[in-house]
Amino acid sequence: SQNNAVDDIEDLISKDDELYYPEGRSIKSRNKVKLRSRQHKEKDNDEKEVPVGDSIIPGTQSIYIRTWGCSHNKSDGEYMAGQLNSYGYKITENPDEADLWLLNSCAVKSPSEESFFNDIRKAKQLKKRLVLAGCVPQGQKNHSLMQDISVVGVQQIDRVVEVVEETLKGHSVRLFGQKRANGKKLGGAPLNLPKIRKNPFVEIIAINTGCLNACTYCKTKHARGDLGSYPIEEIVERAKSAFSEGIAEIWLTSEDTGAYGIDIGVTLPDLLFQLVKVIPDGAMLRIGMTNPPYILEHLEEMAQILSHPRVYSFLHVPVQAGSDKVLYDMRREYTVADFEKVVNYLTEKVPGITIATDIICGFPTEEKEDFAETLSLIERHKFPSVFINQFYPRPGTPAAKMKRIPTEEVKNRSRALTQLFKSYRPYDHKLGQKQRIVVTEVSHDGNHFVGHNKFYDQVLVPKDLDLLGKTVEVDIIDTGKHYLMGKIVQETLVNMPRLSPLSTDVVLRNKDKSLVSFITLF
């Protein structure tokens, strides 16, 4: 299990962990990159560090894993947990009892990076063995706080067992480098590695790593690098395997899903048209964040795919600013008109679609007139999900060298945008509707199950049936700013696609929850 610190649109909510082991899977053979390790220096008091745990036998110690950040990082953390568990290590939620901490970092925002640094300091104080992963050490290899600490690079997570072994022996290992074949960068570690899913009903598949842009504020580019895509057949095989293990949702993730395949001569629609062929009834596909430039080229195909009954009519398209001048200074490579073309086309062709977006308040070159254009953009479209961020200068980025807007002004702009976002209610018109939802999570307060309808709206239902991983029909009886409240329909069909990927098994229940019948529909 893992302790995840940052919540956003692509984060997991479930607190429960279950182990799912695909049949016939094994850790791939090591690639040709050699591990280079060095013995830790003797301490000032001449006390030598010794291997930890009850035994020096590899695989007998306990590991605490903490992950920050986006769904790509979450997937990496799940893969590392799965490999370590398969090798025999105990994955623990309790950091105090762990022999080693594996900290999987995020470089997007300063708060998450500082939280990561604080955990490094805490681990040192507690004399815990430590392995670092994720975008921070990959992008800041020479940071003073991370010297003499083991690191597994973002494209080397399939070798986490080796790094942990060496670290427990008292060595410091730093394993970076890109995976390449025929002179081209690969997507990363193999997709068929063992995995412990944070949410047993959700499979996160990274379809590519890196991107084609060079945004002036972004630190992730320093870590993930240029675009590297997985072949279509590998992604489809991973999806089929996940469905056979019982998952109800697949999330496609990357730093920019819209750029998928440009490096290998295919497109995102090429992948999606193959994936929808293997999605069983009762399961759903969610497409991850895409920037406007690349999705513009595929609007017609994307509208077809987003209208598919087993694909959520949902797309996360970050605009970041409503001013062309600011977008130019950010090097976003599109205009506000480009973004609105995406929004307007998909809204027309995919009725009811949910489009989520992001805004950065207080970019250094943002004047008051620019911010007014951002407010106008949000007012026009009234997006149901807007992720509002204050500008943070990331070390080593071009924007960090720009003169900053006073902090109080940045906060004022963030408050103004937040007030605008709170002024409208996007779900009230859905009151009284009958909807089909896939239930995959438990709410943060623990009082409800959380499902999603076709448009990926969050629908809360009572925890009075065994609904996790299943599809149910609900009546919408209440709405809030961020959610719908559903009532289970009497004698509803509860799909159970996990029982067989080739059939739809359903249970009919009366209102008193008694079992009426169990049938298999072919």
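In what follows, the accompanying structure is described. (Residues numbered from 1 in each chain as written. Predicted model: local features only at pLDDT ≥ 70, side-chain atom pairs only at ≥ 80, totals over all residues. Heavy atoms only, no water.)

1. Some thoughts on the packing of helix α7 (residues 268–275) against helix α9 (residues 299–306)
Where α7 meets α9, the closest approach of the two axes is 10 Å, and the angle between their N-to-C directions is 20°. Of the possible angle classes, the one that applies to α7 and α9 is roughly parallel. The crossing of α7 and α9 is left-handed. Seen from α7, the contacting residues are L268, P269, L272 and F273; seen from α9, they are E301, M302, Q304 and I305. Counted by class, the contact of α7 with α9 contains six nonpolar, one polar and one charged residues. (Axes fitted to C-alpha atoms, helices over the stretch in contact; angles between N-to-C directions. Helix = DSSP H or I, 4+ residues; strand = E, 2+ residues; numbered from the N terminus. Parallel < 35°, antiparallel > 145°, perpendicular 65-115°, else oblique. Left-handed = near helix turned anticlockwise from the far one by under 90°. Contact = heavy atoms within 4.5 Å. Nonpolar A, V, L, I, M, F, W, Y, C, P; charged D, E, K, R; others polar.)

2. What to know about the sheet that holds strand β16 (residues 314–316)
The sheet built from three strands is open, its strands ordered β16-β17-β18 with parallel pairing. Edge positions in the open sheet fall to β16 and β18 (385–390), since each of these has one partner strand only. Neighbouring strand axes in the sheet, compared pairwise and without regard to direction, differ in orientation by 15° on average. Sheet topology note: the β16/strand β17 (residues 354–361) ladder contains three bridges and is parallel. (Pairing = 2+ DSSP bridges.)

3. Overview of the packing of aromatic side chains
All told, the structure shown has nine aromatic pairs when counted by the stated rule. A centroid spacing of 5.1 Å and a plane angle of 45° characterise the contact between F314 and Y456, whose relative ring orientation is tilted. Remark: Y456 occurs in the loop between β20 (448–452) and β21 (458–462) and F314 occurs in strand β16; sequence separation between them is 142 residues. For the pair shown, F314 and Y456 are each scored as buried. Measuring from ring centre to ring centre gives 5.7 Å for F421 and Y424, while their planes differ by 90°; the resulting arrangement is edge-to-face. By the burial criterion, F421 is buried, and Y424 matches it. By way of ring pairs, the aromatic residues W68, F116 and F117 are connected into one cluster. (Phe/Tyr/Trp six-rings, centres within 6.5 Å; stacked < 30°, edge-to-face > 60°. Buried < 20%, exposed > 50% of the residue type's maximum accessible area, 1.4 Å probe, protein only.)

4. Observations regarding the side chain of R394
Among the secondary structure elements, R394 is positioned in the loop between β18 and α13 (407–422). When neighbours within four sequence positions are excluded, R394 is seen to be in contact with A107, V108, K109, S110, E113, Y217, K219 and A400.

5. Re unusual backbone geometry
Trans peptide bonds make up the majority, and among non-glycine residues the majority have a negative phi. Even without being a glycine, D148 presents a positive backbone phi close to 65°. Exposure remark for D148: the relative accessible area of 36% places this residue in the partly exposed category. Phi at K382 is positive, roughly 45°, even though this residue is not glycine. Tracing the backbone through its elements, the reader meets K382 in the loop between α12 (368–381) and β18. For K382, a relative accessible area of 36% translates into the label partly exposed.

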